Amino acid sequence: MHVTDGTDGPAARTAAQRSFRSRWLAGGAVAALATVLGLTLALRSGAAPACAAPRTGAAPPAAGTLHKGKATFYDSKGAGGNCSYPAAPTDRLYVALGPSEYADGAACGGYLDVTGPKGKIRVMVMDQCPECAAGHIDLSREAFARIADPVQGVVDVSYRLVADPPLTGPLTFRIKEGASQWWFAVLVAGHGNPLRSVEVRQGGSGAWRAAHRESYNYWAIESGAGVGPYQIRVTDTQGHRVTATGIRMAPGEVQRSTVRMYGAGSTPSSRSRSAAPTTGPKPSASPTPSASATVRPSASTTTASAEPTPPATGALDGTALAATDPLAASPPACAS
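As the structure is a computational prediction, the values presented were derived from the model and not from experiment. (Residues numbered from 1 in each chain as written. Predicted model: local features only at pLDDT ≥ 70, side-chain atom pairs only at ≥ 80, totals over all residues. Heavy atoms only, no water.)

Student: Which residues make up the overall build of the protein, and what values go with them?
Tutor: Per the secondary structure count, the protein includes two helices and 17 strands. Every one of the 336 residues in the protein was classed for burial, and the buried ones make up 52%. When the accessible area of the protein is evaluated, it comes to approximately 13,300 Å², of which 57% is carbon and sulfur surface. (Helix = DSSP H or I, 4+ residues; strand = E, 2+ residues; numbered from the N terminus. Buried < 20%, exposed > 50% of the residue type's maximum accessible area, 1.4 Å probe, protein only. Areas by Shrake-Rupley, 256 points an atom, 1.4 Å probe, with all protein chains shown as cover.)

Structure representation (structure tokens):
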């Protein structure tokens, strides 16, 4: 498993990570050991394309569409996975998808309802499982224990992407280490539905600049977005669009806004007429199974706290943050 990291400016960025991973197999008889070695070298100069589309044939699960497959489990040991989150969800209910459904990060932050032999659980997409084929999902061990006996190791499941799941809080933004006025990258979290686009502009005027999503879930502008503070406009796959203001150039710091993608705490937003929320009751945290699980090292290099204190400048208080733009006013540069 690997992730391409960012460095200051439009210079070359490279990262390598060796991941050793084993998984419980059916009946718990033998553990298989899989080794994944990734080395990615990205050389970029000049302006970036408006958006980086997932590889051909790759796409997140469609909201509301039932998929059937199999599930195994692993343990992230608290790390935030290929989606680069600072930490795993506090309830430890998460899932890794194979490359075709992870879709170069397009599935990050969405939620799946997964049904197995013992019941149903809701999990957040947080990671990629490089060796998982389409239909094979890799749950946290806590989530797996809610739907099956961990001794089984692998079970048949059905799953679907949830539209408009209940939000855990307002949007958060994290500017990547190494970012500057010459190279910009931001991680957006707390959006509920997978994201379609992220646009940035400095101050409160001027043209919006489309960021492109990297496979590790940061949204980048290779030629930079200025010194800030920024307005960041976020659009999800269900058509919700909100704009946060006062986001500072503060690499490594999680900046918590007061604007939500939808629901209580958000302002009215346009959305796709075809969107059909299919939310259900959110399961409670699961007990920890007695069987041990294997560990996939996280591809994330972030270290910021998941519960930051808003800056003393007041840039992210309730009066400075807010806003939605009608979806029809300026269509996103691309759709994922």
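Having seen the structure, we can now continue with the description.
Student: Account for the packing of aromatic side chains, naming residues and giving values.
Tutor: Applying the stated criterion to the full structure yields four aromatic pairs. Here Lys 176 stacks its cationic end above the ring of Tyr 218, 4.9 Å away from the centre of that ring. (Phe/Tyr/Trp six-rings, centres within 6.5 Å; stacked < 30°, edge-to-face > 60°. Lys NZ or Arg CZ within 6 Å of the ring centre and 35° of its normal.)

Student: Outline the pairing of strand S4 (residues 94-97), listing residues and values.
Tutor: Burial of the side chains of S4 extends over both faces: Tyr 94 and Ala 96 are buried on one face and Val 95 and Leu 97 on the other. Sheet topology note: the S4/strand S6 (residues 119-128) ladder contains four bridges and is parallel. The residue bridging Val 95 from the neighbouring strand is Val 125, located in S6. For S4 and strand S7 (residues 136-140), the ladder comprises three bridges, and the chain directions are antiparallel. (Pairing = 2+ DSSP bridges.)

Student: Residues and numbers for the state of the cysteines, please.
Tutor: A complete count under the given rule lists two disulfides for this structure. Sulfur-sulfur distance for the disulfide between Cys 83 and Cys 108 comes to 2.0 Å. Residues Cys 83 and Cys 108 are joined by a disulfide whose S-S torsion is about -85 degrees; by sign, that bridge is left-handed. With Cys 83 in the loop between strand S3 (67-74) and S4 and Cys 108 in the loop between helix H1 (99-102) and strand S5 (111-116), this pair connects stretches of sequence that are 25 residues apart. Cys 83 gets classed as buried once you look at its relative accessible area, which sits at 0%. (Disulfide = S-S within 2.5 Å.)

Student: Mind laying out the confidence of the model for the protein, listing which residues take part and the relevant values?
Tutor: Of all residues in the protein, 61% attain a pLDDT of 70 or more, and the chain-wide mean is 73. In this model, residues 1-53 is a region of pLDDT below 50 whose contacts with residues beyond four sequence positions or in other chains number 142 contacts. Ignoring residues within four places in sequence, the model shows residues 268-336, a span with pLDDT below 50, making 184 contacts including any to other chains. (pLDDT = per-residue confidence, 0-100. Contact = heavy atoms within 4.5 Å.)

Student: With reference to specific residues and values, describe the pairing of strand S11 (residues 195-202).
Tutor: Within S11, seven of the eight residues are buried, which leaves the element mostly enclosed by the surrounding structure. Bridge count for S11 against strand S15 (residues 230-236) is seven bridges, and the pairing is antiparallel. When the sheet's bridge partners are listed, Val 198 is paired in S15 with Val 234. In the sheet, S11 pairs with strand S12 (residues 209-210) via two bridges, with the strands oriented antiparallel.

Student: Requested: an account of the environment of Val 200, with residues and values cited.
Tutor: Position of Val 200 among the secondary structure elements: in strand S11. Relative accessible area serves as the criterion here: at 1%, Val 200 is assigned to the buried category. Through-space distance from the C-alpha of Val 200 to that of Gly 228 is 9.9 Å; in sequence the pair is 28 residues apart. Contact partners of Val 200, with chain neighbours within four places excluded, come to Phe 184, Ala 207, Trp 208, Arg 209, Ile 221, Ala 225, Tyr 230, Gln 231 and Ile 232.

Student: How would you explain the sheet that holds S4 if you had to name every residue and give the values?
Tutor: With respect to topology, six strands assemble into a closed barrel ordered S3-S7-S4-S6-S5-S8, the strand pairing being mixed. Taken over all neighbouring pairs, the strand axes of this sheet differ in orientation by 45 degrees on average, direction set aside. (Axes fitted to C-alpha atoms, helices over the stretch in contact; angles between N-to-C directions.)

Student: Residue-level account of the pattern of salt bridges, with values.
Tutor: The final tally for this structure, using the stated rule, is ten salt bridges. Glu 253 is the partner of Arg 248 in a salt bridge, and the nearest nitrogen-oxygen pair spans 2.7 Å. With relative accessibility at 21%, the residue Arg 248 sits in the partly exposed group. Through salt bridges that share partners, Asp 75, Lys 77, Arg 92, Arg 141 and Glu 142 make up one connected network. (Salt bridge = Lys/Arg side-chain N within 4 Å of Asp/Glu carboxyl O.)

Student: Mind laying out the environment of Pro 60, listing which residues take part and the relevant values?
Tutor: Inspection of the secondary structure assignment puts Pro 60 in the loop between strand S2 (31-42) and S3. Take Pro 60: its relative accessible area is 22%, and that puts it in the partly exposed class. In sequence terms Pro 60 and Gly 98 are 38 residues apart; their C-alpha atoms lie 9.9 Å from each other. Apart from residues lying up to four places away in sequence, Pro 60 is in contact with Glu 101, Ala 103, Ala 106 and Ala 107.

Student: Please provide a residue-by-residue account of unusual backbone geometry, values included.
Tutor: Across the junction of Gly 228 and Pro 229, the peptide omega takes the value 0 degrees, indicating a cis bond. Tracing the backbone shows Pro 229 in the loop between strand S14 (219-221) and S15. Phi at Ser 84 is positive, roughly 70 degrees, even though this residue is not glycine. Tracing the backbone through its elements, the reader meets Ser 84 in the loop between S3 and S4. With phi around 55 degrees, Asp 164 is a residue other than glycine that occupies positive phi space. Tracing the backbone shows Asp 164 in the loop between strand S8 (155-161) and strand S9 (172-175). A relative accessible area of 10% places Asp 164 in the buried class.

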